[in-house]
Amino acid sequence: MTRKLVAGNWKMNLSLPEGIALAKEVEAQLLANPTGDVQVVLGVPFSHLTAISHALEGEVAVSAQDCSANESGAFTGEVSAMMVASTGAEYVILGHSERREYHGEENALLAEKVNMALEHGLKVIYCCGEVLSERENNQQFEVVGDQILEGLFHLSKEQMKEVVIAYEPVWAIGTGVTASSEQAQEMHAFIRSLLQKQYGVIAAENTSILYGGSCKPANAQELFSEKDVDGGLIGGASLKANDFVAIINSF
Ligand code: PGA
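Quantities reported herein were computed from a predicted structural model and do not represent experimental measurements.

Q: In this structure, what is going on with the site of the ligand? I would like to understand it.
A: In the region of the ligand, 13 residues are neighbours, and K11, H96, E168, G174 and S214 sit closest. Separating an oxygen atom of the ligand from a side-chain N or O atom of N9 is a distance of 3.5 Å. Taking 280 Å² as the accessible area of the ligand by itself, protein coverage stands at 94%. Looking at side-chain class alone, the shell around the ligand contains 4 nonpolar, 7 polar and 2 charged residues.

Q: What am I meant to see in the packing of helix 7 (residues 140-152) against helix 9 (residues 181-199) here?
A: How two helices pack is summed up by the angle between their axes together with the distance between the axes. Where helix 7 contacts helix 9, the axes come no closer than 11 Å and their chain directions differ by 40°. Overall, the two elements helix 7 and helix 9 adopt an arrangement that is oblique. Every pair of crossing elements has a handedness; the one defined by helix 7 and helix 9 is right-handed. Residues Q140, F141, V144, G145, I148 and L152 of helix 7 lie in contact with helix 9, whose contacting residues are E186, M187, F190, I191, L194 and Y199. Across the contact of helix 7 with helix 9, the residue classes break down as 9 nonpolar, 2 polar and 1 charged.

Q: Is there a simple way to think about the packing of aromatic side chains in this case?
A: How two aromatic rings sit relative to each other is set out by the distance from centre to centre and by the angle between their planes. Taken as a whole and assessed by the stated rule, the structure comprises 4 aromatic pairs. When the centroid spacing of 5.1 Å and the interplanar angle of 70° are considered together, the rings of F141 and F190 count as edge-to-face. With F141 in helix 7 and F190 in helix 9, the pair connects residues that are 49 residues apart, well separated along the chain. Between F224 and F251, the ring centres sit 4.7 Å apart and the planes meet at 25°, which makes this aromatic pair stacked. Highlighted residues: F224 in helix 11 (residues 217-224) and F251 in the segment after helix 12 (241-248), separated in sequence by 27 residues. Judged by relative accessible area, F251 falls into the partly exposed class, the value being 33%.

Q: Whenever I open this one, the sheet that holds strand 3 (residues 60-64) confuses me. Can you help?
A: Backbone-to-backbone hydrogen bonds join strands into a sheet, with any given pair of strands oriented parallel or antiparallel. Read once around its circumference, the closed barrel built from 8 strands follows the order 1-2-3-4-5-6-7-8, with strand pairing classed as parallel. Between one strand and the next, the sheet's axes are offset by a mean angle of 25°, whatever the strand orientation. Where strand 1 (residues 5-9) lies against strand 2 (residues 39-43), 5 bridges are found, and the strand directions are parallel. Each bridged residue has a counterpart across the sheet, and for A7 the counterpart in strand 2 is V41. Relative to the sheet, helix 5 (residues 107-119) contacts strand 4 (91-94), strand 5 (123-128) and strand 6 (163-167), its axis offset from that of strand 5 by approximately 165°. Contacts from helix 7 reach strand 5 and strand 6, with the element oriented near 150° to strand 5.

Q: How should I be thinking about the side chain of H188 in this particular structure?
A: Residue position: H188 is located in helix 9. For H188, a relative accessible area of 0% gives the class buried. At a separation of 3.4 Å, a polar atom in the side chain of H188 contacts the main-chain carbonyl oxygen of I209. Not counting chain neighbours up to four residues away, the residues in contact with H188 comprise Y167, I209, L210, Y211, D228 and V229.

Q: Just to check I follow, could you spell out the nonpolar core for this structure?
A: One recurring pattern in soluble globular proteins: nonpolar side chains tend to sit buried together. Ranked by size, the top nonpolar core spans 66 residues in total, and within it V124, L152, V163, I165, I191, L195 and Y211 carry the most contacts. No other element matches helix 9, which puts 6 residues into this core. Excluding its chain neighbours within four sequence positions, the residues that come into contact with I165 are Y126, C128, I148, L152, I191, L195, S208, I209 and L210. Among the nonpolar cores identified, the runner-up in size contains 12 residues, and L5, V41, Y91 and L233 belong to it.

Thresholds, definitions, all that
- Residues numbered from 1 in each chain as written.
- Predicted model: local features only at pLDDT ≥ 70, side-chain atom pairs only at ≥ 80, totals over all residues.
- Heavy atoms only, no water.
- Near = heavy atom within 4 Å.
- Polar contact = N/O pair within 3.5 Å; in protein donor to acceptor, adjacent residues only side chain to side chain.
- Areas by Shrake-Rupley, 256 points an atom, 1.4 Å probe, with all protein chains shown as cover.
- Nonpolar A, V, L, I, M, F, W, Y, C, P; charged D, E, K, R; others polar.
- Axes fitted to C-alpha atoms, helices over the stretch in contact; angles between N-to-C directions.
- Helix = DSSP H or I, 4+ residues; strand = E, 2+ residues; numbered from the N terminus.
- Parallel < 35°, antiparallel > 145°, perpendicular 65-115°, else oblique.
- Left-handed = near helix turned anticlockwise from the far one by under 90°.
- Contact = heavy atoms within 4.5 Å.
- Phe/Tyr/Trp six-rings, centres within 6.5 Å; stacked < 30°, edge-to-face > 60°.
- Buried < 20%, exposed > 50% of the residue type's maximum accessible area, 1.4 Å probe, protein only.
- Pairing = 2+ DSSP bridges.
- Core = buried A, V, L, I, M, F, W, Y, C linked by side-chain atoms within 4.5 Å.

Next comes the structure, spelled out in structure tokens:
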């Protein structure tokens with residue numbers, strides 16, 4: 001089993017035709033030059049999930065960027081985990097810092113979303129990460145520890161197999177500032193130690209822990225060469241097929 005995974009997070013970008021073209025271009029490049037054991041995922045807007053799932057040939061998996069904590073009902077504008085799964089998407093990104101910041105999503109709500117996603121057969125990419133002031137006050141381990149404990153550690157060992165963790169220092173997202181590979185490794189090793197305490201060595205060793213935050217072709221290789229960095233969650237650079245594939249090929 002491989003831990004290597006690279007996920008794109010398109011955020012709120014691209015029309016549907018643009019999105020289909022980009023997804024197909026990424027997949028075509030990967031089919032022409034197979035990456036071997038790297039799982040590739042595209043995190044696309046809700047409106048694009050079905051068409052992109054159908055346009056792809058199975059080399060690349062599709063992810064939503066959020067889902068509701070509710071099963072169904074009177075929640076205008078929300079999209080449920082069941083709906084996401086029914087499009088052919090296999091993953092959902094939960095707890096992205098932009099959801100936490102702009103939509104007030106907290107760990108307790110995220111724990112409910114995680115449950116809902118797993119119940120409907122989706123794999124979860126669970127995001128965590130500290131803001132700049134927290135790092136400046138040396139609170140990053142406490143903050144990330146709480147995000148993981150409160151959002152994920154109610155899960156069984158079996159359920160944790162369906163979860164990928166993405167460490168994204170908020171100060172590095174979309175800013176051009178990347179965490180150094182030492183800073184990434186330090187936090188990833190800390191996260192793996194938490195997993196080991198909660199679920200044991202094997203579960204900890206099998207969990208993919210991604211780095212996110214201004215990851216690009218120029219720095220991916222250095223980041224991915226760290227022992228506990230299993231890949232990346234890529235925002236801006238996932239909007240260009242060549243850059244995204246170059247990041248995937250950085251392993
Ligand atoms: P970025 O975004 O690569 O543009 O910094 C990463 C993310 O928000 O997932």
